[in-house]
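The lines below spell out each chain.
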Amino acid sequence: MSEWPRQKDEIYSYNLFHAAIKSRHNTTGLSSRGFGLVGTFMRVPGGDEDPTPDPDFTLYKDGVLLFVEIKAGENINDSHIDQMQEYGELGLEAVEEFAMQTDLAERYNRDDIVGFEHCIVYGEEFIEECKEEYENCRETLEELAEYAPVLTQERGSTLQLDSGSFSRDEYNDRFSNGIQLPKATDKVIYLPENVELEALSYSITHDIVLNNLNGDSFEATPSEIQNFHGRRDVRLRKIKQSLSFLSYAEACHRQSDGSYLFRRDDLGDILGIEDLLREKRVEEHLEEADGEQAGLQEFL
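Residues numbered from 1 in each chain as written. Predicted model: local features only at pLDDT ≥ 70, side-chain atom pairs only at ≥ 80, totals over all residues. Heavy atoms only, no water.

What to know about the nonpolar core
For soluble globular proteins, the rule of thumb is that nonpolar side chains tend to be buried together.
Then, number 1: Core analysis: the largest hydrophobic core is formed by 31 residues, its most contacted members being Ile204, Leu246 and Phe262.
Then, number 2: The set of elements that each furnish at least two residues to this core consists of helix H1 (4-21), helix H7 (197-212), strand E8 (217-220), helix H9 (236-248), strand E10 (260-263), helix H11 (273-279) and helix H12 (282-299).
Then, number 3: With seven residues, the top contributor of residues to this core is H7. (Core = buried A, V, L, I, M, F, W, Y, C linked by side-chain atoms within 4.5 Å. Buried < 20%, exposed > 50% of the residue type's maximum accessible area, 1.4 Å probe, protein only. Helix = DSSP H or I, 4+ residues; strand = E, 2+ residues; numbered from the N terminus.)

Written out as structure tokens, the structure reads:
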């Protein structure tokens, strides 16, 4: 069974929220209201017994950090509540320490950090169904809202506060008024929080390769592919697995020095990777490749 549709939904949800930050599509974006993006998928450090949440997005405005969790699935479970409780247990000292480990340290001092907020974001359609059709879901939503503001988002609609509240009136006003979202989003984020082989293979081909295939070919080693992902913790083993899959799919060619060559002549195979991802998991494709190789060796 393919894992790609679920991962694709997650990536889309991240990019939809990202569209609310930037003001390209409207004048009510968060950036136009003074919110700056600190980073994505960053861990807030803590001691041995302290919570260490991993917000999907971290924003900053006037000394306050805003931690945002994005959910793409059609369920609210106990782990979501646990996540929001973790944020509630965070101390300002840990948040100050975190801020000084980011680019904020270039412009601000530790004393400039005065507080933080957190929230969780779901799809608008899902939350409407949750409240109207499913009593258990509605009760879980009400419990969740005790620990965090719950926002909804929908393309062509708004990013909007649905239930719960921030501790700061400014945030309640900003998100109650809503932020207009575009009908189509730019692809800025290609990897979900948990990097899986399907999303990684798509990211390599559609982000790294297509953006660097300026001539007839583009060549890179697994380590260079890892460097392209910057601060994301993308394991080299997974990159090698994805490249093996892409080579099996004839989207690239492994060279004798261990690098991988992507050619413009193979653009059809590069663009066709998503069709293979829809069929089955990358691991299944690799098992198929191993079986074919074993059969060839037996024949020889």
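Next comes the rest of the write-up.
Concerning the sheet that holds strand E4 (residues 115-123)
Then, number 1: An order of E1-E2-E3-E4-E5-E6-E7 is seen for the seven strands of this open sheet, with the pairing classed as mixed. Of all strands in the sheet, those bounded by a partner on one side alone are strand E1 (36-40) and strand E7 (179-180).
Then, number 2: Two elements, E4 and strand E5 (residues 150-153), share four bridges in a ladder whose sense is parallel. Pairing of Ile120 across the sheet is with Val150, part of E5.
Then, number 3: Helix-sheet contacts for H1 involve E1, strand E2 (57-61), strand E3 (64-70), E4, E5, strand E6 (158-163) and E7, and the interaxial angle to E2 is about 10 degrees.
Then, number 4: Against the sheet, helix H6 (residues 169-177) touches E2, E3, E4, E5, E6 and E7, its axis set at about 120 degrees to E6. (Pairing = 2+ DSSP bridges. Contact = heavy atoms within 4.5 Å. Axes fitted to C-alpha atoms, helices over the stretch in contact; angles between N-to-C directions.)

Here's the deal with the packing of aromatic side chains
Then, number 1: Under the criterion given, the structure shown has 16 aromatic pairs.
Then, number 2: With a centroid separation of 6.0 Å and 50 degrees between ring planes, the pair formed by Phe67 and Phe116 is classed as tilted. Highlighted residues: Phe67 in strand E3 and Phe116 in strand E4, separated in sequence by 49 residues. The same class applies to Phe67 and to Phe116, which are both buried.
Then, number 3: Between the aromatic rings of Phe218 and Phe228, the centroid separation amounts to 6.1 Å while the plane-to-plane angle is 70 degrees, which identifies the pairing as edge-to-face. Taken together, the residues Phe218 in strand E8 and Phe228 in helix H8 (residues 222-228) connect sequence positions ten residues apart.
Then, number 4: Residue Phe218 is classed as buried on the basis of its relative accessible area of 9%.
Then, number 5: These aromatic residues form a ring-pair network of at least three members: Tyr14, Phe17, Phe41 and Phe57. (Phe/Tyr/Trp six-rings, centres within 6.5 Å; stacked < 30°, edge-to-face > 60°.)

A look at the side chain of Glu96
Then, number 1: With respect to the helices and strands, Glu96 occurs in helix H3 (residues 92-99).
Then, number 2: The class for Glu96 is buried, based on a relative accessible area of 14%.
Then, number 3: In terms of polar contacts, Glu96 uses its side chain to reach the side chain of Arg110, at 3.1 Å.
Then, number 4: For Glu96, the residues in contact, after removing those within four places along its chain, are Arg110 and Ile113. (Polar contact = N/O pair within 3.5 Å; in protein donor to acceptor, adjacent residues only side chain to side chain.)

Observations concerning the pairing of E5
Then, number 1: Along E5, one buried face is formed by Val150 and Thr152 and the opposite face, lined by Leu151 and Gln153, is buried too.
Then, number 2: Examined bridge by bridge, E5 and E6 share three bridges and lie antiparallel to one another. Its bridge partner lying in E6, Leu151 is registered against Leu161.
Then, number 3: Here E5 hands over to E6 after four residues, with Gly156 in that stretch at a positive phi of 75 degrees.

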